[in-house]
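# Analysis of the macromolecular model
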Amino acid sequence: MPRIKTLLALSAILVLSLACVTLMGAPASQPPTYVPQPLPEITQIPATELPTEIPTEIPDEFLSCPVITERIIEANSTVLVEGESETMDFGARDEDNTTYIVTYLVSGNEINDPSFESVPADLQDEQDDTAAHQKLWEYFTNLIPLEGRQDLAEFSVMTDGQDNVLAAVAQTYNDPALWGLEVDIADSQEYDYLSYTLVHEFAHLLTLGPDQVPPSEAIFNNPEDNDIYLNEVSACSNFFPGEGCSNSDSYINQFYDRFWREIYEEWDAINLEENDDKYYERLDDFYYNYQDQFLTDYAVTHPAEDIAESFSFFVFGEKPAGDTIAEQKILFFYNYPELVDLRTNILNNLCVSFPQ
């Protein structure tokens with residue numbers, strides 16, 4: 001078994017949209033769970049050797065790479081055709097077809113102490129390819145500055161087949177203040193999607209980490225106890241994303257107050273729908289009613305996913321005018337100088353590390 005406890009943030013990358021169901025932090029009737037959907041078929045991009053470290057001095061020509069960032073945004077945007085309304089195609093993650101290959105312990109920029117899982121014969125080559133594991137890890141660490149991933153304790157390589165879940169983050173089994181990152185090796189060569197997804201997953205670490213959302217030990221130690229969960233929710237005067245009660249000045253609480261407070265009750269009624277077909281239908285309607293407020297259809301599934309999607313567009317996209325609420329969500333991050341600096345660092349790192 002992998003050492004990751006509960007999948008709290010899944011990012012299933014689609015060609016035209018990010019669309020998967022997530023019930024993390026359902027605030028009334030059940031502990032949070034995430035349910036992603038399969039991906040449409042994607043043409044594989046050949047593997048490219050990546051640099052293993054970022055140079056100390058970054059040449060001026062690498063400080064901006066709009067061809068890459070524009071392609072990343074285009075690939076990960078929801079495409080809506082005026083006058084047409086397509087049903088969001090949600091589906092459950094097939095845990096039976098998810099195989100964990102290896103889990104490493106993280107120490108700064110290094111991964112070590114691999115815990116190899118029992119895998120079928122057709123995945124033995126993927127398990128033996130520790131160089132590929134290292135390349136995936138190095139690409140993530142090349143993108144995300146070390147100081148932004150202090151709470152990351154584990155790195156897992158897994159697969160659920162091609163074109164399904166690309167990456168996820170979760171609290172570890174042993175410590176709710178520490179997190180693990182997992183990446184599907186079968187989808188890891190799609191760098192337009194991989195880059196976006198890694199930044200999306202990092203956004204969960206940034207906005208749900210213990211300095212932003214102090215984890216609830218009671219919920220962590222009793223994940224199936226609805227009464228404990230509801231007691232923790234009722235005692236929280238701020239937004240409760242699932243792991244605990246967010247701090248008043250946390251990014252996610254401020255984001256919720258500005259963009260979700262007026263629509264949360266309507267969304268929550270949908271989130272508590274027990275019939276899957278009705279849930280998907282109602283969430284689909286909710287998205288089309290408020291589509292000018294969301295950058296992607298996946299963002300509608302939970303405030304935690306909305307802020308992660310918005311952060312990804314903040315990093316890779318140009319600064320918008322703010323004419324819509326969706327664009328205002330991107331501008332939200334410009335209110336924090338430390339996040340503007342972080343954006344610059346990630347973009348610099350991307351322009352150096354992205355395979356040419």
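Refer to the structure above for everything that follows.
Residues numbered from 1 in each chain as written. Predicted model: local features only at pLDDT ≥ 70, side-chain atom pairs only at ≥ 80, totals over all residues. Heavy atoms only, no water.

Further remarks concern the overall build of the protein. For the protein, the count of helices and strands is 12 helices and 8 strands. The proportion of buried residues among the 356 residues of the protein is 57%. Sequence-distant contacts, at least 24 apart, represent 74% of the contacts inside the protein between residues at least 6 apart. (Helix = DSSP H or I, 4+ residues; strand = E, 2+ residues; numbered from the N terminus. Buried < 20%, exposed > 50% of the residue type's maximum accessible area, 1.4 Å probe, protein only. Contact = heavy atoms within 4.5 Å.)

On to the state of the cysteines, then. Scanning all chains against the criterion turns up 2 disulfides. Each sulfur of the disulfide joining Cys65 and Cys351 lies 2.0 Å from the other. Disulfide Cys65-Cys351: the torsion about the S-S bond is -80°, which places it as left-handed. Taken together, the residues span a long stretch of sequence, with Cys65 in the loop between strand 3 (33-35) and helix 1 (66-75) and Cys351 in helix 12 (residues 337-353) at a distance of 286 residues. With relative accessibility at 13%, the residue Cys65 sits in the buried group. (Disulfide = S-S within 2.5 Å.)

Attention shifts here to the nonpolar core. Side chains that are nonpolar tend, in soluble globular proteins, to be buried together. With 83 residues, the main nonpolar core has Phe155, Val183, Trp260, Phe294, Phe311, Phe316 and Leu350 as its most contacted residues. For this core, the leading source of residues is helix 4 (residues 191-208), giving 11 residues. Residues Ile219, Tyr229, Val233 and Phe240 belong to the second largest nonpolar core, which totals 5 residues. (Core = buried A, V, L, I, M, F, W, Y, C linked by side-chain atoms within 4.5 Å.)

This part covers the packing of aromatic side chains. This model, assessed by the stated rule, comprises 28 aromatic pairs. Between the aromatic rings of Tyr287 and Tyr288, the centroid separation amounts to 5.2 Å while the plane-to-plane angle is 65°, which identifies the pairing as edge-to-face. Among the aromatic residues, those joined into a ring-pair cluster are Phe202, Tyr251, Phe255, Phe259, Phe311, Phe314, Phe332, Phe333, Tyr334 and Tyr336. Across the ring face of Tyr334, the terminal group of Lys319 is positioned such that the distance to the ring centre comes to 4.6 Å. Across from the ring centre of Phe294, 3.9 Å away, lies the NZ or CZ of Lys329, which sits over that ring. (Phe/Tyr/Trp six-rings, centres within 6.5 Å; stacked < 30°, edge-to-face > 60°. Lys NZ or Arg CZ within 6 Å of the ring centre and 35° of its normal.)

Structural measurements only, silent on function.
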